[in-house]
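The primary structure of each chain is shown beneath.
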Amino acid sequence: MACLPGEAPAAPQAITETAAILATGRDVLDLEARSLLQLRDALDKSFADAVSLILATRGRVVVSGMGKSGHISRKMAATFASTGTPAIFVHPGEAAHGDLGMLLAGDLLIALSNSGATPELRPITDYARDIGCPIVAISAQQHSPLAQGATVSIILPPVRESCPVNISPTTSTTLMLALGDALAVAAMEQRGITREQLERLHPGGSIGLRLLPVNEIMHGGEKLPLVTAATPMRDAIVVMTEKSLGIAGVVDADGRLVGTITDGDLRRNVDRLFTSRAADVMTRGPKTVPDGTYAEDALSILTNNKITALFVMDHVDPGRPVGLVHIHDFHRLGMV
């Protein structure tokens, strides 16, 4: 490509380095993606047995691991807890210096070690056996001390680390991370955990917002822009202007929603606005949601139908509007 006057040509070396970096990144992701498929195909009865132990646990799931496996263990415990399985992480080194008391009879220990021979895990696994806690081992070595001494052992398939010298835990920890997700979700499904229960576990952050009932963000009461079918359009426009939501709901004599008037309807009927009634201009069959709908689902209806507002209907009397949500409400919450 020719350079503009005064523009320096791109350095060939920089282009070569960029290509090499991208190639390495793609190779790593390819290797780890293939390894995840190996793990999927390697799952056997031991996975189901581990889930059964999780479901039978009266106490908590205690997850432990050292080094990189320890970082995965922390995330695994957090995932269990957020999907309905009480869980904590216990550092094996700290356990040997007094934190063994965090493991109680009735708990389940999940121990992670790629080699299965991590010495720091020995005190906590020995203590678990002493107090009668079942142990689920996650390791790549079937004949390792950890796997052999566990109640159930899930053996990872033999994979190459994506580290160039096949040493730094990379692919193996990816497998552990994914396996933890699989165990947590399988246990969640077996428990029949509902969206309502998850909402109680995720009251904050983006997940909490998505699971927020639409009732908590909707415009209701005096803020609800409603007119009757017989309302003259000049009065309907006043209501739309006062409520500042770009829409008015049209209700019949019984207060049931029969249509909506939007800014688009005003533009399409501009030549007869001051001689018409609301019923003459409205669009029939508007999109609605029942009260109690999750904000995530309401936003999906807005975006999929390319509309900006949605009336919320009484779940007891589905024809009666009790609120309205606008796309700006979701922008305000940071959901869009």
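Here is a short report on the structure shown in this document. In this text the structure is predicted, and so the values were computed from the model without any measurement.

Quick look at the sheet that holds strand 3 (residues 108-112)
- Strand order in the open sheet made by the 5 strands is 2-1-3-4-5, with parallel pairing throughout. In this open sheet, the two strands that pair with only one neighbour each are strand 2 (87-89) and strand 5 (152-155). Between one strand axis and the next, the sheet turns by 20° as a mean value, whatever way the strands run.
- Bridge count for strand 1 (residues 61-65) against strand 3 is 5 bridges, and the pairing is parallel. Within strand 3, the residue paired with Val-63 across the bridge is Ile-110.
- The sheet strands contacting helix 3 (residues 68-82) are strand 1, strand 2, strand 3 and strand 4 (135-139), and the helix crosses strand 1 at an angle near 165°.
- Those strands touched by helix 7 (residues 171-191) are strand 3, strand 4 and strand 5, and its axis lies near 145° from that of strand 4.

Looking at the layout of surface pockets
- Looking at the largest pocket, its volume works out to about 320 Å³.
- The wall of the largest pocket is formed by 21 residues, among which Ile-247, Thr-260, Thr-262, Ile-307 and Ala-309 lie closest to the centre.
- Listing elements by their share of the lining of the largest pocket, those giving two or more residues are strand 8 (257-262), helix 11 (263-268), strand 9 (283-284) and strand 11 (309-313).
- Looking at the lining of the largest pocket element by element, the count peaks at 5 residues for helix 11.

Concerning the environment of Arg-40
- Along the chain, Arg-40 turns up in helix 1 (residues 12-42).
- Judged by relative accessible area, Arg-40 falls into the exposed class, the value being 53%.
- Sequence spacing of Arg-40 and Ala-309 is 269 residues, and the spatial spacing of their C-alpha atoms is 43 Å.

As for helix 10 (residues 233-243)
- Looking at helix 10, one finds that the buried residues are Met-233, Ala-236, Val-239 and Met-240. The arc that holds the buried residues of helix 10, viewed along the axis, is 110°, so those residues lie on one side. Projecting away from the buried face of helix 10 at angles above 90 degrees are the exposed residues Thr-241 and Glu-242.
- For helix 10, the secondary structure elements touched by its buried residues are strand 6 (226-228), strand 7 (247-251), strand 8, helix 11 and helix 12 (278-281).

Things to note about the nonpolar core
- Phe-80, Ile-110, Ile-138 and Leu-183 are the most contacted members of the largest nonpolar core, which totals 28 residues.
- Looking at this core, the elements with two or more residues in it are helix 2 (45-56), strand 1, helix 3, strand 2, strand 3, strand 4, strand 5 and helix 7.
- With 6 residues, the top contributor of residues to this core is helix 7.
- If you look at the next biggest cluster of nonpolar residues, it comprises 15 residues, including Val-62, Ala-95, Leu-121 and Ala-128.

Overview of helix 2
- Between its first and last C-alpha, helix 2 extends 16 Å over 12 residues, near the 16 Å set by a 1.5 Å rise per residue.
- Turning to helix 2, its buried residues number three or more, namely Ser-46, Phe-47, Ala-50, Val-51, Leu-53 and Ile-54. The buried residues of helix 2 occupy an angular sector of 155° when projected down its axis, which confines them to one face. Turned more than 90 degrees away from the buried face of helix 2 sit Lys-45 and Ala-56, all of them exposed.
- Buried positions along helix 2 lie against strand 1, helix 3, strand 3, strand 4, strand 5 and helix 7.

Calculation notes
Residues numbered from 1 in each chain as written. Predicted model: local features only at pLDDT ≥ 70, side-chain atom pairs only at ≥ 80, totals over all residues. Heavy atoms only, no water. Pairing = 2+ DSSP bridges. Helix = DSSP H or I, 4+ residues; strand = E, 2+ residues; numbered from the N terminus. Axes fitted to C-alpha atoms, helices over the stretch in contact; angles between N-to-C directions. Contact = heavy atoms within 4.5 Å. 1 Å grid on protein atoms, 1.4 Å probe; cavity = no way out; pocket = protein on both sides within 12 Å on 5 of 7 lines; lining within 4 Å. Points joined across faces, edges and corners; volume = space filled by probe spheres on them. Buried < 20%, exposed > 50% of the residue type's maximum accessible area, 1.4 Å probe, protein only. Arc of directions from axis to C-beta. Core = buried A, V, L, I, M, F, W, Y, C linked by side-chain atoms within 4.5 Å. Expected span 1.5 Å × (residues − 1).

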